[in-house]
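A structural walkthrough
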Amino acid sequence: MIEMKDVNVIYDNDIIALNHINLQLDNGCYVIIGQNGSGKSTLLKTLVSIVDFSGEIRIDGVLLDQQHLKQIRQKVGMIFQNPDHQLFMSRIYDDIAFGLINQKKSQKEIELKIDQIVKQLQIKDLLNRSSHQLSGGQKRMAAIASVLVMEPDILLMDEPTSFLDSKGRRRMIEFIQSCQKTMLIVSHDLDMALEVADQIILLDQGEIIMQDETEKILKDKDLLEQHGLELPFCFQRG
C-alpha cells in the first residue's frame, strides 16, 4: 500500500511541483496522467525520496524517512523515463547483477535470478552486449530487468512506452498486464493507460484533480481537454 498525506514539493524559485497531495493506493495498476509540468514524474520520485518533500509518505505502513529509506527502496523499484540513467556497466549482465552484488548474493544465486528474469523478459541475447549497442526498446527492457531482479513489491514506471516502436510498445503492454505487482505508472500514452490501468489519477499543476475508474476518466472529453489532454486515439476514431 502507498499512502501520501499532505505531500508538498517546492523547487527553486518557489515553483510548486506537488501541492497537498493525499493519495492511498492498494494493490493494482494505477496510471498518472496530465500535461507536461503537472508534477507526474515528481510524484514518483518522492516515493523513493529522490526529491525533498514535506508531509508524510508510508509504504506498506513503513514511514519514508532517512531511518527507513533503505527498507523502502527494497520494497519499491523505479524505472526511469530514460533507460540510460540505469544502464552504466560495460555489459547488460553486469547492469542486472549490480544490485544483487551489492546485496552480497552468492554467484550461484545471482546467476539463477538473472537467468529467470531474462527468460521472463525474453532478453537473454542482450546479456553480453553493451547498452550503447542496443535500441531504445532493448534498453528499456534491460532497465526493467535490472529492477525486477531485485524483486520489489511495488513498481514505479515513468513513461514506459517511450523509445519503443509498435512491437516494443505491445510487448510492454503485455508485460504490464501480466505483472503481479502494485504498479504506479506515469504516461502520456492514454491508449496504453486504457489497456492496463485499474484506475487513472489525473494530475494538473501539482494537484490531484480526479482519481477514478479508467474509462470514466479517459472517455470524458471535456475533463481531459480542460487539463490539456485529448481523448485516447481509439475513442477519437469513434
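Everything below is about the structure printed above this text.
The structure contained in this document is the topic of the report that follows. Quick caveat, the model's predicted, so the values are computed rather than measured. (Residues numbered from 1 in each chain as written. Predicted model: local features only at pLDDT ≥ 70, side-chain atom pairs only at ≥ 80, totals over all residues. Heavy atoms only, no water.)

**So, unusual backbone geometry**
As a reminder, the rule being used: The numbering of helices and of strands both runs from the N terminus, where a helix is a DSSP run of H or I of at least 4 residues and a strand a run of E of at least 2. Burial here depends on accessible area, computed with a 1.4 Å probe over protein chains only, as a share of the maximum for the residue type. Under 20% is buried, over 50% is exposed, and the range in between is partly exposed.
Backbone geometry places histidine 20, a non-glycine residue, at a positive phi of 55°. Within the element layout of this structure, histidine 20 appears in strand β2 (residues 15-25). The class for histidine 20 is partly exposed, based on a relative accessible area of 48%. For glutamine 205, which is not glycine, the phi torsion reads 50° and is therefore positive.

**Looking at the sheet that holds strand β3 (residues 29-33)**
To be explicit about the condition: Paired strands, as defined in this entry, are two strands with at least two bridges between them according to DSSP. Axis definition: a line fit to C-alpha positions, over the contact stretch in the case of helices; interaxial angles, taken between N-to-C directions, run 0 to 180 degrees. The contact criterion used is simple: two residues touch if any of their non-hydrogen atoms lie within 4.5 Å.
Strands sit in the order β6-β7-β8-β3-β9-β10 across an open sheet of 6 strands; the sheet is mixed. At either end of the open sheet lies a strand with only one pairing partner, and these are β6 (76-79) and β10 (207-213). Sheet twist, expressed as the average angle between the axes of neighbouring strands with direction ignored, equals 15°. With 4 bridges connecting them, β3 and strand β8 (residues 182-186) associate as parallel partners. Looking across to β8, one finds that valine 31 is bridged to isoleucine 185. Against the sheet, helix α5 (residues 136-148) contacts β6 and β7 (154-158), and its axis sits at roughly 170° relative to β6. Strands in contact with helix α6 (residues 166-178) are β3, β7 and β8; relative to β7, the strand with the most contacts, it is inclined by about 155°.

**Here's the deal with the environment of leucine 134**
Assignment of secondary structure puts leucine 134 in the loop between α4 (107-121) and α5. For the pair formed by leucine 134 and isoleucine 92, sequence separation is 42 residues and the distance between their alpha carbons is 9.9 Å.

**Considering the pairing of strand β4 (residues 54-59)**
Where strand β1 (residues 2-11) and β4 come together, 5 bridges link them in antiparallel fashion. The residue of β4 that forms the bridge with asparagine 8 is serine 54. Pairing of β4 with strand β5 (residues 62-63) involves 2 bridges; the strand directions are antiparallel. Looking at β5, one finds that arginine 58 is bridged to leucine 63. The hairpin formed by β4 and β5 contains 2 residues between the paired strands, and aspartate 60 there has a positive phi angle of roughly 50°.

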